Structure formats: structure tokens, C-alpha cells
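If you want the building blocks of each chain, they are given just below.
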Amino acid sequence: MSELEPQRVARPESGMATLQYVVATACSLVILVLLVNVVVDLYARGAVRAAIDEAARAGAPIDASASECAARARDVLQHLVGRRIRSGVSITCNERDDARTARADVRLPSGLGVIPDWSFTLTGSAVKERDR
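The numbers attached to residues start from 1 for each chain and follow its sequence in the written order. Where local features are concerned, this predicted model is filtered to residues with pLDDT of at least 70; where side-chain atom pairs are given and counted, the filter is 80 or more; whole-chain, interface and lining totals use all residues. Heavy atoms throughout the structure, all of them, feed into the side-chain values; hydrogens and water do not.

S.K.: Hey, could you run me through the overall build of the protein chain in this one?
M.R.: Each helix is a run of H or I in the DSSP string that is no shorter than four residues. Each strand is a run of E no shorter than two, and both are numbered from the N terminus. A count of helices and strands for the protein chain gives three helices and three strands. Put simply, the protein chain runs from its N terminus to its C terminus through helices and strands in the order α-α-α-β-β-β. We compute the radius of gyration over the C-alpha atoms and compare it with the globule rule, which gives 2.2 Å times the number of residues raised to the power 0.38. In terms of C-alpha radius of gyration, the protein chain reaches 27 Å, well past the compact-globule figure of 14 Å for 132 residues. Principal axes of the C-alpha set define a box for the protein chain whose edges measure 105 × 25 × 20 Å. A 1.4 Å probe rolled over the protein chains alone gives each residue an accessible area, and that area as a share of the maximum for its type sets the label: buried under 20%, exposed over 50%, partly exposed in between. Out of the 132 residues in the protein chain, the part that is buried amounts to 27%. Contacts: residue pairs with any heavy atoms within 4.5 Å of one another. Of the contacts made within the protein chain by residues no fewer than 6 positions apart, 57% connect residues no fewer than 24 positions apart. For the protein chain, the accessible area works out to roughly 9600 Å², and carbon and sulfur atoms hold 56% of it. The Shrake-Rupley method, run with a 1.4 Å probe, gives the accessible areas here. Residue values count only the displayed protein chains as cover.

Pasting the structure below:
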């Protein structure tokens, strides 16, 4: 070794950054999964909202029944969300006063086991046609 070359000294703490990097990466991935879960839940809420509105409009004609209303909601949901989300949606249609009302009771499963499922109810209505 010549006098011009710098000497390398072994440092005992040189491997400590690896553990910190692994922990930081794991935390980042958990946060990413949580954010993706929020985005999926918000999309599913919008899809159920669209299905309920469509169902109420489909049940508004004078000759439409409650079963047609619920069938329309299921059809819309089938095109917008997957089976896992659809399995947590319960749809009922009723006629109250002069309006067709569609209601969805929703339970969206969480992406991680530590977070509880998100449950909510959405209601849509449309004025029922009348025979004059």
C-alpha cells in the first residue's frame, strides 16, 4: 500500500441503516395499503350511490314494480364493482306516498384486519308516475 492511498477503517455501525430502512419501508407499505383502501371504499360508495339512483328511476314508471327497481340496482352494481364488494350490499325498494324509494345497506370489508369494516346506508328516491 502506498502512502498516497487512504486507509480504510472498519466501522462497527455500518449495518445499522439496513434495519431502519426495512422498518421505514414496511411502514410506508402499510400506509400505502390504507390509502388504497380509502380510495376503493370511496369508489364503491359512489358506485352504490349510482346504482341506488338508477334503481329509483327504474322504479318510477307507473307500471314498474319493486322487483324491477332492485334488479336494476343489482345490474348497475354488477357492471361497476366486483363480487367481493357486491356481496356486502343489500338493496331494497319500496313505494312510499308518491315516490319509489331504493335503499342500500352496505358493509365494505377493510384491506387490513386491524381496521374495522365500513358500514353505511344510502337512500335514493324518484317521484312515481301517476295515471291521470
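S.K.: Would you mind going over the side chain of Arg100 with me for this structure?
M.R.: Relative to the elements of secondary structure, Arg100 occurs in strand 2 (residues 99-108). Judged by relative accessible area, Arg100 falls into the buried class, the value being 3%. Any pair of N or O atoms that falls within 3.5 Å is considered a polar contact. Within protein, one atom must be able to donate a hydrogen and the other to accept it, and sequence-neighbouring residues count only if both atoms are side-chain atoms. In this structure the side chain of Arg100 is engaged in a polar contact, spanning 3.2 Å, whose partner is the backbone oxygen of Gly59.

S.K.: What is the right way to look at the sheet that holds strand 1 (residues 89-96) in this model?
M.R.: The strands making up a sheet associate through hydrogen bonds between their backbones, and the pairing can be parallel or antiparallel. Being paired, for any two strands, means DSSP has found at least two bridges between them. Taken together, three strands build an open sheet; the order of strands is 1-2-3 and the sheet is antiparallel. Edge positions in the sheet fall to strand 1 and strand 3 (118-127), since each of these pairs with one other strand and no more. Across the sheet, the mean angle separating the axes of adjacent strands is 15° when strand polarity is ignored. Bridge count between strand 1 and strand 2: eight bridges; the pairing is antiparallel. Each bridged residue has a counterpart across the sheet, and for Thr92 the counterpart in strand 2 is Arg103. For helices, the axis comes from a line fit to the C-alpha atoms of the stretch in contact; other axes are also lines fit to C-alpha atoms, and the angle between any two N-to-C directions lies between 0 and 180 degrees.

S.K.: Explanation requested: a nonpolar patch on the surface in the structure shown.
M.R.: Here, patches come from residues exposed beyond 30% relative accessible area and free of salt bridges, joined within 9 Å for like charges and within 5 Å for nonpolar side chains (Val, Leu, Ile, Met, Phe, Trp, Tyr). Only one rule defines a salt bridge in this text: a Lys or Arg side-chain nitrogen within 4 Å of an Asp or Glu carboxyl oxygen. A cluster of nonpolar side chains, contributed by Leu29, Leu32, Val36 and Val40, occupies part of the molecular surface with about 340 Å² of accessible area. Considering the arrangement of structural elements, one finds Val36 in helix 1 (residues 16-58). The exposure class of Val36 is partly exposed, given its relative accessible area of 44%.

S.K.: Got a minute to help me understand the nonpolar core in this structure?
M.R.: Soluble, globular proteins show a tendency: their nonpolar side chains are buried together. Nonpolar core, defined: a set of buried Ala, Val, Leu, Ile, Met, Phe, Trp, Tyr and Cys residues in which side-chain atoms within 4.5 Å join the residues together. Counting residues in each nonpolar core, the largest one holds 25 residues, and the members touching the most others are Val48, Leu77, Val89, Ile91, Ala102, Ala104 and Val106. Here this core gets seven residues from one element, more than from any other, and that element is helix 1. With sequence-adjacent residues up to four places away left out, Val48 is seen in contact with Leu77, Val89, Ala104, Val106 and Leu122.

Shape descriptors only; they carry no functional weight alone.
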